[in-house]
Amino acid sequence: MRPMFPGQTYTRVLVDLYVTSIVEVFEKEQRLSTQVKMITVWFDSNVLWNSYKFCQILTIAAPRNLFWRPDIVIAESVKTEIGTVESSYVQLVFFGYVVLPEVLSLNTVCKLNLYRFPFDTQSCNITIQSVAYSNVDLKLETLHDTGVLTNSSKQSFQSQGEWELLNISTSKSKVFLMFGYADQLIYQITIKRRPLLHVINIILPVFFFLVLDVTSYFIDTDGADKLSFKVTLLLAISVLLLILNDTLPSTTYELPLIGIYCSAIFSLIGISILETILVNFLRAKGAKILSASAAVTGQDDGVSGPPVDQDRDQKEFQIAMWWIKVARITDMMFLILYLLTIVVFLSVLGKVWYIH
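Throughout this description, residue numbers start from 1 for each chain and increase along the sequence as written. For a predicted model such as this one, the threshold for reporting local features is a pLDDT of at least 70, and the threshold for listing and counting side-chain atom pairs is 80 or more; totals across whole chains, interfaces and linings nevertheless cover every residue. To get the side-chain values, take all heavy atoms of the structure and skip hydrogens and water.

Caption draft 1: Representation of the state of the cysteines in the model. Cysteine sulfur atoms that pair up within 2.5 Å are treated as a disulfide. Counting across every chain of the model gives 1 disulfide. The disulfide partner of C110 is C124, and the S-S distance across this bridge is 1.9 Å. Between C110 and C124, the S-S dihedral sits near -80°, and the bridge is therefore left-handed. Residue C110 is located in the loop between β7 (95–109) and β8 (121–130), and its partner C124 is located in strand β8; the two are separated by 14 residues in the primary sequence. Throughout, exposure labels follow a simple rule: accessible area from a 1.4 Å probe, protein chains only, divided by the maximum for the residue type, with under 20% read as buried, over 50% as exposed, and the rest as partly exposed. Here C110 falls in the buried class, since its relative accessible area comes to 3%. The exposure class of C124 is buried, given its relative accessible area of 2%. Strands are runs of DSSP state E lasting at least 2 residues, helices are runs of H or I lasting at least 4, and numbering of each runs from the N terminus.

As structure tokens, then:
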């Protein structure tokens, strides 16, 4: 039978939830995998005894199937398993309380905000409630305050992986069931990502590709070689975008800043390739005029006849040099605008990324 405190018609159940490990965060599926320790305590007058009359015995381990247990479930749970071998015992305390400690491996739904990925902080809820009892029969409360939960969880935290545990806060709510309202205990777990791995794998390589693209303007080589170099950079960024696509969900409401970062640099290098094609076209046009003029001059030198039209040669030479000059000015002006765009873009993006 459901035990009750003397003089009361409801059972008061105290629950503590300690996070011992963040196993994995699935960004694409919006799920959180954790290992937690849940301690459930309730009063049962049937296990009340005077320790002075029983050899100072304060606690006793007893088979759990002999006692009533609250039907506590986790609302966000996708899959819940026992983290270790399930204990067959509960702990009985002499002043009438039953303690049920459990280590659980939870797989819960969590709405992740990946706007600042990989410099993001996530808050995921683990909601505990009863599905068989309303709040008239069973009331849920926390055993300790949030400070104790957070400090104890940090001390027992087992993993040193990608995520860092920041805080555990608690709140109470109610949910409507067919027979009335049931109490809910909401544990909000706040975790912060350690971004070093993603910085090394994605952010720095893309930035170095951008630096290489800028330095390619100072390469004194054939235009075709420079163009192939820039296309290679563009293909390298495409590979990193494919890696990023496998990590981030496709249903996010806001485009993550890292997606804006990679796409913008991809677009900048694409525009740089178009500028290189234009400059190569202008230089080739000037070089074609010069070669045609030189060919005509060479034929005139080997054939007797009227004197070579020096004014025509001078005019063609000036036209050819004008095309080459336009190409140089276009290249220099684009480089200046390119550098200004990069500085402004990275400054604004960095400010939003770290301060937003």
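Next, the rest of the story.
Caption draft 2: Broad picture of unusual backbone geometry. The step from F117 to P118 runs through a cis peptide bond, and the omega angle for that step is 5°. The residue P118 is located in the loop between β7 and β8 in this model. Of note in this structure, Q30 is not a glycine but carries a positive phi near 55°. With respect to the element layout, Q30 can be found in the loop between β1 (11–26) and β2 (31–48).

Caption draft 3: The pattern of salt bridges, seen in detail. Take a side-chain nitrogen of Lys or Arg and a carboxyl oxygen of Asp or Glu: if they are within 4 Å of each other, that pair is a salt bridge. The final tally for this structure, using the stated rule, is 9 salt bridges. Between R2 and D137 there is a salt bridge, and its shortest N-O distance comes to 3.7 Å. Highlighted residues: R2 in the segment before β1 and D137 in the loop between β8 and β9 (138–142), separated in sequence by 135 residues. Overall, D137 belongs to the partly exposed group, its relative accessible area being 27%. One network of salt bridges, in which partners are shared, links E27, D120, E162 and R193.

Caption draft 4: Focus on the nonpolar core. Definition used in this section: a nonpolar core is a set of buried Ala, Val, Leu, Ile, Met, Phe, Trp, Tyr and Cys residues joined via side-chain atoms within 4.5 Å. Formed by 81 residues in total, the largest nonpolar core has its most connected members in V15, I258, Y261 and Y338. At 9 residues, the largest contribution of residues to this core is made by helix α4 (residues 257–302). By definition, residues are in contact when any of their heavy atoms lie within 4.5 Å. If we skip the residues at most four places from it in the chain, Y338 touches L210, D213, V214, Y217, L268, I269 and S272.

This is a description of form; function is not addressed.
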